[in-house]
Every structure is written in C-alpha cells, then in structure tokens.
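Fold and geometry: a report
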Amino acid sequence: MTTFSLEKIIHAKRKNVFEIFSNYEQYEKLIPAYFPSIRIRSVRGETAVVEEHFTLGDIEFLLMSKHVSKPFVLHEVFVIGGKSKGSYIRQEFIEIPDGTKILVDVDLKLMGAMKIPKLLDKSKLIANYSKLLDDMTILCEKSV
C-alpha cells in the first residue's frame, strides 16, 4: 500500500477547478499523457463507473473506477476493478482568497510487479502524481 497527500494552490475559481479535475469524461483529451483511453460504463447522478487506462510515470494502470462527485467541494475515485482494486483518491476543493486550494489524498494498492519495493520509488510515484497535478493546474489557470 502506498499512501500520500498533496496540496496545491490554483489561481482559479473553485467551480472552474472542480469542473476540470472531476471531468473524467474529458481526461483523454485534456491530459492524454496520463489517460490514453477512457470508456464510460454508466452514469447515475453524481456517480459514474469508468474504465481507465492511466499512466503515472513508468507505471500503467488498467482499472475500473467509480467517480463520485459532490459539486465544487469533493471528487472521489474508488478503484473497483483491476490490479489496483481497493485504491482510493480523494480531491477536496477549498475556496481561498487567491483561488482554490486542492487537497489530494491518495491510497494506492499496488499488486504483484506494481508494488513499490523501495522508499525512493515511492518518492518517484509522488513526484509523478505531483506533475499530474501541475499539468491540471495549468489547464485550470488557462481557463481563467
């Protein structure tokens, strides 16, 4: 199990930041380096089940995930299938005077060859996820 938390300040309105971060339908177009393919299986209200091909540095994830949104405040991703089953990502959006603070909690369950054997590898995984957040931040700040 690999758990970590990240925090980022984005100079854009919370509604805009939330709409980009929770827009799993457009990940393939918005950030194709991380999401080469997305296939939506079902949507019911603020909950969706999505097949995702997700790349984070050298690690490729093929997973089925459930996205749950509480508009403008919270976006959660529960991995319900694949070799990362049981993983969880929580993104909380907090309005601040300069824009939006996003708090991200990641709990990755890596199985088999995906396991992180050394602390150095965990730090690389955190750096790669931080880079994903940086790229999404650029998208949010461009939309201002």
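Residues numbered from 1 in each chain as written. Predicted model: local features only at pLDDT ≥ 70, side-chain atom pairs only at ≥ 80, totals over all residues. Heavy atoms only, no water.

Points about the overall build of the protein
- Broken down by element type, the protein carries three helices and seven strands.
- Each helix (α) and strand (β) of the protein, taken in turn from the N terminus, gives the series β-α-α-β-β-β-β-β-β-α.
- Here the C-alpha coordinates of the protein stretch approximately 45 × 35 × 20 Å along the principal axes.
- Within the span of the protein, comprising 144 residues, buried residues form 40% of the whole.
- Accessible surface computed for the protein: about 7900 Å², of which carbon and sulfur atoms make up 55%.
- Treating the 21 positive side-chain charges of the protein as one cloud and the 19 negative ones as another, the clouds have centres 4 Å apart. (Helix = DSSP H or I, 4+ residues; strand = E, 2+ residues; numbered from the N terminus. Buried < 20%, exposed > 50% of the residue type's maximum accessible area, 1.4 Å probe, protein only. Areas by Shrake-Rupley, 256 points an atom, 1.4 Å probe, with all protein chains shown as cover. Lys, Arg positive; Asp, Glu negative; His and termini not counted. Charge placed at Lys NZ, Arg CZ, Asp CG, Glu CD.)

Comments concerning the confidence of the model for the protein
- Overall, the prediction assigns the protein a mean pLDDT of 92, with 93% of residues at 70 or greater.
- Confidence, read as mean pLDDT per element, is least for helix H3 (residues 119-142) in the protein (88) and greatest for strand E6 (residues 88-96) (98). (pLDDT = per-residue confidence, 0-100.)

Some details on the sheet that holds strand E5 (residues 74-82)
- Strand order in the open sheet made by the seven strands is E1-E7-E6-E5-E4-E3-E2, with antiparallel pairing throughout. In the strand order of this sheet, the two ends are held by strand E1 (2-10) and strand E2 (37-44), each with one partner. On average, adjacent strands in this sheet sit at an angle of 20° to one another, irrespective of strand direction.
- Of the strand pairs in this sheet, E1 and strand E7 (residues 99-108) are connected by nine bridges, and their pairing is antiparallel. When the bridges of E7 are listed, Thr2 appears paired with Leu108. (Pairing = 2+ DSSP bridges. Axes fitted to C-alpha atoms, helices over the stretch in contact; angles between N-to-C directions.)

Brief notes about the side chain of Thr55
- Looking at the secondary structure, you find Thr55 in strand E3 (residues 47-56).
- Residue Thr55 is classed as buried on the basis of its relative accessible area of 16%.

Thoughts on empty space enclosed by the protein
- All told, the structure shown has one cavity of 30 Å³ or more when counted by the stated rule.
- For the largest cavity, the lining is made up of 19 residues, of which Phe35, Glu52, Phe54, Ile89 and Tyr129 are closest to its centre.
- At the level of elements, E3, strand E4 (59-70), E5, E6 and H3 are the ones that each hand at least two residues to the lining of the largest cavity. (1 Å grid on protein atoms, 1.4 Å probe; cavity = no way out; pocket = protein on both sides within 12 Å on 5 of 7 lines; lining within 4 Å. Points joined across faces, edges and corners; volume = space filled by probe spheres on them.)

Points about the layout of surface pockets
- Taken as a whole, the largest pocket encloses approximately 180 Å³ of empty space.
- Along the wall of the largest pocket there are 14 residues; nearest its centre are Ser22, Tyr24, Glu25, Glu46 and Ser69.
- Sorting the residues of the lining of the largest pocket by element identifies helix H1 (14-21), E3 and E4 as the ones contributing at least two each.
- Partitioned by chemical class, the residues of the lining of the largest pocket number five nonpolar, six polar and three charged. (Nonpolar A, V, L, I, M, F, W, Y, C, P; charged D, E, K, R; others polar.)

Observations regarding the nonpolar core
- Grouped together as the largest cluster of nonpolar side chains are 36 residues, with contacts concentrated most on Phe21, Phe54, Phe61 and Tyr129.
- Those elements that place two or more of their residues in this core are E1, H1, E3, E4, E5, E6, E7 and H3.
- Of all the elements, H3 adds the most residues to this core, at six residues.
- What Phe54 contacts, discounting residues up to four positions off in sequence, is Tyr34, Phe35, Ile59, Glu60, Phe61, Tyr129 and Leu132. (Core = buried A, V, L, I, M, F, W, Y, C linked by side-chain atoms within 4.5 Å. Contact = heavy atoms within 4.5 Å.)

Looking at the pairing of E2
- Direction of pairing for E2 relative to E3: antiparallel, over a ladder of seven bridges. Bridge pairing in E3 links Arg39 to Glu51.
- The hairpin turn running from E2 into E3, its antiparallel successor, is two residues long, and Gly45 in that turn takes a positive phi close to 65°.

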